[in-house]
Amino acid sequence: MKQIQFVQVTPEQLQSAIIEGVKLQLNELKKNLQPKQPTEYLTRNDVSKMLQIDLSSVHNWTKKGTLTAYQISGRIYFKRIEVENAIVELKR
């Protein structure tokens, strides 16, 4: 059996240290256990309205690889997060 001795530590200081350590560990767990957001899919029309461009531009950008399209049951969809990430801020 191991014995640990605390020298010059009050029970309140020990309690405080333990509570602080537990809080840090809980915060780390919270960061890693955020609920996963479901993927939001957009139609070509949704992307066109969102970016204020023509459907032909959506088609051209998909062909160029600027946007990634996904086919689900014969319909074309785009992931919202990928469309948002395709928008690049220009440095002036």
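Right above here is the structure, for reference.
From a predicted model like this one, the values you see are computed outputs, not experimental measurements.

Asker: Which residues make up the packing of helix 2 (residues 44-51) against helix 3 (residues 55-64), and what values go with them?
Answerer: The interhelical angle for the contact between helix 2 and helix 3, taken along N-to-C directions, is 105°, at an axis separation of 9 Å. Looking at the two axes, helix 2 sits roughly perpendicular to helix 3. Along the contact surface, helix 2 presents Arg-44, Asn-45, Val-47, Ser-48 and Leu-51, while helix 3 presents Leu-55, Val-58 and Trp-61. Here the residues of the contact of helix 2 with helix 3 are counted per class, giving 5 nonpolar, 2 polar and 1 charged.

Asker: Which residues make up the packing of aromatic side chains, and what values do they have?
Answerer: Evaluated as defined, the whole model comprises 1 aromatic pair. Ring geometry for Tyr-41 versus Tyr-77: centroids 6.4 Å apart, planes at 70°, classification edge-to-face. In this pair, Tyr-41 is assigned in strand 1 (residues 41-42) and Tyr-77 in strand 3 (residues 75-79), connecting sequence segments 36 residues apart. Taking the ring centre of Tyr-70 as reference, the NZ or CZ of Lys-79 above it sits at 4.7 Å.

Asker: Kindly report on the nonpolar core, identifying the contributing residues and their values.
Answerer: Leu-42, Val-47, Ile-53, Val-58, Leu-67, Phe-78 and Val-83 together form the largest nonpolar core, which totals 7 residues. Discounting chain neighbours no more than four positions away, the residues touching Val-47 are Leu-42, Val-58, Leu-67, Phe-78 and Val-83.

Conventions used here
Residues numbered from 1 in each chain as written. Predicted model: local features only at pLDDT ≥ 70, side-chain atom pairs only at ≥ 80, totals over all residues. Heavy atoms only, no water. Axes fitted to C-alpha atoms, helices over the stretch in contact; angles between N-to-C directions. Helix = DSSP H or I, 4+ residues; strand = E, 2+ residues; numbered from the N terminus. Parallel < 35°, antiparallel > 145°, perpendicular 65-115°, else oblique. Contact = heavy atoms within 4.5 Å. Nonpolar A, V, L, I, M, F, W, Y, C, P; charged D, E, K, R; others polar. Phe/Tyr/Trp six-rings, centres within 6.5 Å; stacked < 30°, edge-to-face > 60°. Lys NZ or Arg CZ within 6 Å of the ring centre and 35° of its normal. Core = buried A, V, L, I, M, F, W, Y, C linked by side-chain atoms within 4.5 Å. Buried < 20%, exposed > 50% of the residue type's maximum accessible area, 1.4 Å probe, protein only.

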